[in-house]
Amino acid sequence: MGKAPTKTLATQATHFFAAVLAYTKLEVLKLKCGIGHFRLKAQLYTVGLKAMYQQLGQLRA
């Protein structure tokens, strides 16, 4: 927490809670899907990129 970009206690607590929540969600998905977290993160990233390119294509049209 010493190197966290937050300065006040409230923002540090929020940052810590968000990090723990993200970790927990990733672990639940890992158990649910039965794949490792690196592969799961790669698949989530790929889905996000595809959605971004679809929206970009809609903006260009």
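See the structure printed just above.
Just so it is clear, the model here is predicted, and its values are computed rather than measured.

Trainee: Looking at this model, I keep getting lost on the overall build of the protein chain. Mind explaining?
Mentor: In terms of regular secondary structure, the protein chain is built from two helices and zero strands. A compact globule built from 61 residues should have a C-alpha radius of gyration of about 10 Å, whereas the protein chain, at 17 Å, is more than 25% larger. If you line up the protein chain on its principal axes, its C-alpha atoms span 45 × 35 × 15 Å. Only carbon and sulfur atoms are counted for the fraction: they give 68% of the accessible area of the protein chain, which is about 5600 Å².

Trainee: So what exactly am I meant to see when it comes to the pattern of salt bridges here?
Mentor: Any two side chains of opposite charge can pair, so long as their charged atoms come close to each other. The tally for this structure, following the rule as stated, stands at one salt bridge. For K30, the salt bridge identified is with E27, shortest N-O distance 3.4 Å. Here K30 and its partner E27 are both found in helix α1 (residues 9-33), three residues apart, which amounts to about one turn of the helix.

Trainee: Explanation requested: a nonpolar patch on the surface in the structure shown.
Mentor: A grouping of M52, Y53, L56 and L59 is seen on the molecular surface, where their side chains present a nonpolar patch of about 450 Å² in accessible area. On the secondary structure map, L59 appears in helix α2 (residues 37-60).

Trainee: How should the packing of α1 against α2 be read in this particular structure?
Mentor: Helix packing geometry: the angle between the two helix axes and the distance between the axes. As a packed pair, α1 and α2 sit with axes 10 Å apart at the nearest point and diverge in direction by 100°. One element, α1, and the other, α2, form an angle in the roughly perpendicular class. Of the residues in α2, those in contact with L26, L29, K30 and C33 of α1 are H37, L40 and K41. Residue composition of the contact of α1 with α2, grouped by class: four nonpolar, one polar and two charged.

Calculation criteria
Residues numbered from 1 in each chain as written. Predicted model: local features only at pLDDT ≥ 70, side-chain atom pairs only at ≥ 80, totals over all residues. Heavy atoms only, no water. Helix = DSSP H or I, 4+ residues; strand = E, 2+ residues; numbered from the N terminus. Rg over C-alpha atoms; globule rule 2.2 N^0.38 Å. Areas by Shrake-Rupley, 256 points an atom, 1.4 Å probe, with all protein chains shown as cover. Salt bridge = Lys/Arg side-chain N within 4 Å of Asp/Glu carboxyl O. Patch = residues over 30% accessible without salt bridge, like charges linked within 9 Å, V, L, I, M, F, W, Y side chains within 5 Å. Axes fitted to C-alpha atoms, helices over the stretch in contact; angles between N-to-C directions. Parallel < 35°, antiparallel > 145°, perpendicular 65-115°, else oblique. Contact = heavy atoms within 4.5 Å. Nonpolar A, V, L, I, M, F, W, Y, C, P; charged D, E, K, R; others polar.

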